[in-house]
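# Fold and geometry: a report
Listed below, chain by chain, are the residues.
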Amino acid sequence: MKLAQKYSNALILMRIPFSVYLMPVFWFALSTQPQVDFLRAVIVFLVLHVLVYPASNGYNSYYDRDEGSIGGLKHPPKPNRQLMHLVLLFDVLAVLLSLLLSPLFASLVALYLFISKAYSYEGIRLKKYPILSTFVVTFFQGAFTYVMVQVGVGIALAQVLQQPNIWFALVSTLFLCGSYPLTQIYQHEEDSRRGDRTLSLLLGVKGTYFFAAVSLMVGAALLLWLYFSTGQVYNILIFLLCTAPVLYFFTGWVLRSQRNAAEVNYDNTMRMNKLSSLCISTAFILMMAVRM
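Residues numbered from 1 in each chain as written. Predicted model: local features only at pLDDT ≥ 70, side-chain atom pairs only at ≥ 80, totals over all residues. Heavy atoms only, no water.

### Some remarks on the overall build of the protein
Within the protein, the regular secondary structure consists of 13 helices and zero strands. Its helices and strands in sequence order give the protein the pattern α-α-α-α-α-α-α-α-α-α-α-α-α, from N to C terminus. For 292 residues, the compact-globule estimate of 2.2 N^0.38 gives 19 Å, and the C-alpha radius of gyration of the protein, at 19 Å, lies within 12% of that figure. For the protein, the spread of C-alpha atoms along the three principal axes comes to 55 × 50 × 30 Å. Here the protein holds 292 residues, and the buried ones make up 55% of them. Of the contacts formed within the protein by residues at least 6 apart in sequence, a portion of 76% connects residues at least 24 apart. Summing over all exposed atoms, the protein offers an accessible surface of approximately 13,800 Å²; the carbon and sulfur share of this is 69%. The centroid of the 21 positive side-chain charges in the protein is displaced by 3 Å from the centroid of its 12 negative side-chain charges. (Helix = DSSP H or I, 4+ residues; strand = E, 2+ residues; numbered from the N terminus. Rg over C-alpha atoms; globule rule 2.2 N^0.38 Å. Buried < 20%, exposed > 50% of the residue type's maximum accessible area, 1.4 Å probe, protein only. Contact = heavy atoms within 4.5 Å. Areas by Shrake-Rupley, 256 points an atom, 1.4 Å probe, with all protein chains shown as cover. Lys, Arg positive; Asp, Glu negative; His and termini not counted. Charge placed at Lys NZ, Arg CZ, Asp CG, Glu CD.)

### Brief notes about the pattern of salt bridges
For the coordinates displayed, the defined rule picks out three salt bridges. Here Asp 267 ties to Lys 74 by a salt bridge, and the two come within 3.1 Å at their closest N and O atoms. Taken as a pair, Asp 267 in helix H13 (residues 266–291) and Lys 74 in the loop between helix H4 (38–64) and helix H5 (81–99) lie far apart in primary sequence, 193 residues in all. Using a relative accessible area of 39% as the deciding quantity, one classes Lys 74 as partly exposed. Residue Glu 263 is joined to Arg 256 by a salt bridge in which the shortest nitrogen-to-oxygen separation is 3.2 Å. Classification of Arg 256 as partly exposed rests on a relative accessible area of 27%. (Salt bridge = Lys/Arg side-chain N within 4 Å of Asp/Glu carboxyl O.)

### Notes on the state of the cysteines
As used here, a disulfide is simply a covalent bond connecting the sulfur atoms of two cysteines. Throughout the structure, instances matching the rule amount to zero disulfides. Cys 279 provides the cysteine sulfur closest to Cys 242, a residue in no disulfide bond, and the two sulfurs are 7.1 Å apart. Using a relative accessible area of 14% as the deciding quantity, one classes Cys 242 as buried. According to the relative accessible area criterion, Cys 279 is buried, its value standing at 12%. (Disulfide = S-S within 2.5 Å.)

### Let's talk about the packing of aromatic side chains
One pass over the full model with this rule turns up 18 aromatic pairs. Ring centres 5.1 Å apart and planes at 75° place the aromatic pair Phe 26 and Phe 45 in the edge-to-face group. Here Phe 45 lies in helix H4 and Phe 26 lies in helix H3 (residues 24–31), a separation of 19 residues in the sequence. Of the two residues, Phe 26 and Phe 45, both sit in the buried class. Plain terms: the ring middles of Phe 140 and Phe 144 are 4.7 Å apart, the flat faces sit at 45° to each other, and that makes the pair tilted. In this pair, Phe 140 and Phe 144 both sit in helix H7 (residues 130–152), four residues apart, roughly one turn of the helix. Assigned by exposure class, Phe 140 and Phe 144 land together as buried. Chaining the aromatic ring pairs together yields one cluster made of Phe 28, Tyr 146, Phe 168, Tyr 227 and Phe 284. Just above the ring of Phe 249 sits the side chain of Arg 256; from NZ or CZ to the centre is 5.8 Å. (Phe/Tyr/Trp six-rings, centres within 6.5 Å; stacked < 30°, edge-to-face > 60°. Lys NZ or Arg CZ within 6 Å of the ring centre and 35° of its normal.)

### What to know about H7
Given a rise of 1.5 Å per residue, 23 residues ought to cover 33 Å, and the 31 Å separating the end C-alpha atoms of H7 matches this to within 8%. A bend of about 40° at Thr 145 is the largest found in H7. Taking burial as the measure, the 23 residues of H7 include 18 buried ones, the bulk of the element. Phi for Gly 154, located one or two positions after H7, is positive at around 105°. (Expected span 1.5 Å × (residues − 1). Bend = angle between axes of the 7 residues up to and from the residue.)

### A short note on unusual backbone geometry
For the peptide bond that leads from Gln 163 to Pro 164, omega is 0°, which places it in the cis range. Examined against the element boundaries, Pro 164 turns out to sit in the loop between helix H8 (157–160) and helix H9 (165–179). Despite not being glycine, Arg 15 has its phi angle at roughly 55°, a positive value. Within the secondary structure, Arg 15 is located in the loop between helix H1 (3–14) and helix H2 (16–20). Arg 15 gets classed as buried once you look at its relative accessible area, which sits at 7%.

### Describing empty space enclosed by the protein
Inspection of every chain in the model, using the stated rule, returns one cavity of 30 Å³ or more. Of the pockets and cavities examined, the largest cavity occupies roughly 30 Å³. If you go around the largest cavity, the residues you meet are Leu 13, Ser 61, Arg 65, Asp 66, Ile 70, Pro 76, Pro 77 and Pro 79. Along the lines of polarity and charge, the residues of the lining of the largest cavity split into five nonpolar, one polar and two charged. (1 Å grid on protein atoms, 1.4 Å probe; cavity = no way out; pocket = protein on both sides within 12 Å on 5 of 7 lines; lining within 4 Å. Points joined across faces, edges and corners; volume = space filled by probe spheres on them. Nonpolar A, V, L, I, M, F, W, Y, C, P; charged D, E, K, R; others polar.)

### Quick look at the environment of Leu 202
Its place among the elements puts Leu 202 in helix H11 (residues 199–229). Through-space distance from the C-alpha of Leu 202 to that of Asp 191 is 11 Å; in sequence the pair is 11 residues apart. Not counting residues up to four positions away in its chain, the partners in contact with Leu 202 are Pro 130, Ile 131 and Arg 197.

Put into structure tokens, the structure is as follows:
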């Protein structure tokens, strides 16, 4: 295989388009702030969604050696040495670009990159421990990323950690608790073969749906209460309207899967992922637009 083709396959495994679907936390973190520096926000988005998340995806693929479908790729190519070259390049670029904003933001990015490696690295492989890995993923992709985004756009850490902002950060982790196990629900066979005990595998299909539903409901309830208690009633209406399609699809998917186990598949998982990402992101973007 030619070198160019090897790097092309490696770039595919970085799954940059899939990384963009992780954007609800980014928009959520911006939506709770009265003012945001546009240029800094663009740089933060590029750092996270074009460099950090793809680097984590690539590293995960390098050690997992997936043979079946993975998030964003129904038929992934085989990982190669060039994939690790791109991972390291993206890691370095992410930290260097972060330094343009602040040393603290760069430090948070570096910590995120380190933790993401521990998730898959064979010497640690947090993925083998269902409870611990779920806590790590939902905390770092949720509350930690929420804080990281706000630090990146120039908000002082002391302000970020004040109430009710810190409660909004908790909401992002609760939402991740709901969505994360769903991304594992169709991979039980392959995870079992590798010896990975994911939370979804531990809970089973029905347990995964139940856990996701409870986590999402608790997160939504806390978010709506925060909006109500801070006088942002219009945000309640926006959130409910924008997320109605997600609730409709999720309910239908659960009901169909009870009648037909084949409904628990890659395609439906990705539909759920894409729909929830677009709808929730739209809600937070509209909240910012209305505030302006």
